[in-house]
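# Fold and geometry: a report
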Amino acid sequence: MVLNPSNPVQPQKSLNLNNRFQVSGQRLWQWYQHAIADLSQEQLRSRVDLKQELDWLLLEVSELEPLDLRLTPSESQQIQLQMPLTELQQLWQQRLAENRPVQHLTGTAHWRQFHLQVSKDVLIPRPETELLIDLAMDAAHNSARLQEANLWADLGTGSGAISLGLAMAFPQATVHTVDCSQAALAMAQRNSQTYGLDQQIHFHLGEWFQPLVGLESQFSGIVSNPPYIPTAVLPTLQPEVFEYEPHLALDGGTDGLEAMREIVAIAPQYLQPGGVLLLEMMSGQDKAVEALLINQGQYEQIQIYPDLADIPRFAQAYRI
Ligand code: GLN
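As the structure is a prediction and not an experimental result, all values here were calculated from the model. (Residues numbered from 1 in each chain as written. Predicted model: local features only at pLDDT ≥ 70, side-chain atom pairs only at ≥ 80, totals over all residues. Heavy atoms only, no water.)

### Thoughts on the packing of helix α6 (residues 130-142) against helix α7 (residues 161-169)
- Orientation of α6 relative to α7, taken along the N-to-C sense of each, is 35°, at an axis distance of 10 Å. Between α6 and α7 lies a crossing whose hand is right-handed. Contact residues: L132, I133, A136 and M137 in α6; I162, G165, L166 and A169 in α7. (Axes fitted to C-alpha atoms, helices over the stretch in contact; angles between N-to-C directions. Helix = DSSP H or I, 4+ residues; strand = E, 2+ residues; numbered from the N terminus. Left-handed = near helix turned anticlockwise from the far one by under 90°. Contact = heavy atoms within 4.5 Å.)

As structure tokens, this is what we get:
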């Protein structure tokens, strides 16, 4: 649940070319070194890696590459920034003083190969969620019945990350994307347009399966990262999450499993036989989610997969 910006080393840069400010490399270098030196011991010990976030912010708003942050600039070097250095300084101060997520300072986040727009209306896509797309691709690869996987659903899309990942992974597929927040859906749609994937994705406003009525038994796969944090746990999350991210995307009710229960119960009606359900969950929920899937009675090959920290975080089940 740590909100580090994923993959600070990303190939695509989004420097806004209409908005360029020059600063001498040495001036920027001094600022960067001071910003590092100013991090207190307490900040360095905190749950978030502020040095990594500082690097991420600097890379995001400049033309610098990760290696540049390790080299002292030459006397004459000029660096292009998206904003004046004073503004960058202010943003960094906001990060430190107000706990604003660094992705909200720039309105961007990296996820898989995408450079997404984010805002307070959507959950900042997390690195571990990237694995859901790998699991979907493996499922399609390993199951003869899914070889022609061509209809997917992403329930509770937020920024649209999972839908974009699915659309890119399955170029022949159509993705039905659902969110109950109009603002989130608009953001997901914008992100899909950036990557030319909006023709492949259908956007639906509504709760879970409700907008998909009429598409019963048709889905090759249903993927969701639903809200799964128990309500009482929410205030214990890091302030960057609790104070800035939409509780709608986090709060899974008393035991965290409210949305999960509904999705597990109804997904078989919408999956084709052999279709796959893929869910992200919180650490510690694996046994409960596995039991929900078993007790539903219409799933087989139920499996739990770990995240990169080896914590069980994903459930996969096929419609009998
Ligand atoms: N993974 C998110 C977090 O770290 C929670 C997302 C969710 O509830 N689906 O807070």
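### Looking at the packing of aromatic side chains
- Summed over all chains, the structure comprises four aromatic pairs.
- Seen from their ring centres, F114 and Y195 are 5.0 Å apart, and the 80° between their planes marks the pair as edge-to-face. Taken as a pair, F114 in strand β4 (residues 114-117) and Y195 in the loop between α8 (182-194) and β7 (201-205) lie far apart in primary sequence, 81 residues in all.
- Taking the centre distance of 4.9 Å and the plane angle of 25° together, the rings of F209 and Y270 count as stacked. One end of the pair, F209, is in the loop between β7 and β8 (219-224); the other, Y270, is in helix α10 (residues 258-270), with 61 residues separating them in the sequence.
- Among the residues examined, F209 registers a relative accessible area of 3% and is labelled buried. (Phe/Tyr/Trp six-rings, centres within 6.5 Å; stacked < 30°, edge-to-face > 60°. Buried < 20%, exposed > 50% of the residue type's maximum accessible area, 1.4 Å probe, protein only.)

### Topic: the pairing of strand β10 (residues 299-306)
- The sheet contact formed by β10 and strand β11 (residues 312-319) spans six bridges and is antiparallel. Within β11, the position partnered with Y299 by the bridge is R319.
- Hairpin remark: β10 followed by β11, antiparallel, with five residues in the connecting loop; positive phi at D310, about 70°. (Pairing = 2+ DSSP bridges.)

### Description of the environment of T236
- Relative to the elements of secondary structure, T236 occurs in the loop between β8 and α9 (239-242).
- Take T236: its relative accessible area is 52%, and that puts it in the exposed class.
- Among the polar contacts listed, one links the side chain of T236 to the backbone oxygen of V233, at a separation of 2.6 Å. (Polar contact = N/O pair within 3.5 Å; in protein donor to acceptor, adjacent residues only side chain to side chain.)

### As for the pattern of salt bridges
- Tallied over the full model, the rule gives eleven salt bridges.
- One salt bridge in this structure joins R95 and E53, with 2.4 Å as the shortest N-O distance. Taken together, the residues span a long stretch of sequence, with R95 in helix α4 (residues 85-98) and E53 in helix α3 (residues 50-61) at a distance of 42 residues. For the pair R95 and E53, a shared accessibility class is recorded, and that class is buried.
- A salt bridge links K287 to D286; the shortest N-O distance between them is 3.6 Å.
- Its relative accessible area of 60% is what places K287 among the exposed residues.
- Through salt bridges with shared partners, one network takes in E128, E280, D307 and R313. (Salt bridge = Lys/Arg side-chain N within 4 Å of Asp/Glu carboxyl O.)

### Points about the nonpolar core
- In this structure, L155, F209, L212, F219, I222 and L277 are the most contacted members of the largest nonpolar core, which totals 34 residues.
- Breaking this core down by element, the ones donating at least two residues are β5 (151-155), β8, α10, β9 (271-280), α11 (286-296) and β11.
- Ranked by residues supplied to this core, first place goes to α10 with six residues.
- With residues up to four places along the chain from it excluded, the contact list for F209 reads L155, I222, E262, I263, I266, A267 and Y270.
- If you look at the next biggest cluster of nonpolar residues, it comprises 30 residues, including L116, L131, L164 and A173. (Core = buried A, V, L, I, M, F, W, Y, C linked by side-chain atoms within 4.5 Å.)

### With respect to the sheet that holds β7
- Spatial ordering of the open sheet is given by β7-β6-β5-β8-β9-β11-β10, a layout of seven strands whose pairing is mixed. The outermost strands of the open sheet, each flanked by one partner alone, are β7 and β10. Each adjacent strand pair in this sheet contributes to an overall mean axis angle of 15°, direction not counted.
- In this fold α10 packs onto β5, β8, β9, β10 and β11, with an angle of close to 160° to the strand it touches most, β9.
- Each of β9, β10 and β11 touches α11; the most contacted strand, β10, lies at about 170° to it.

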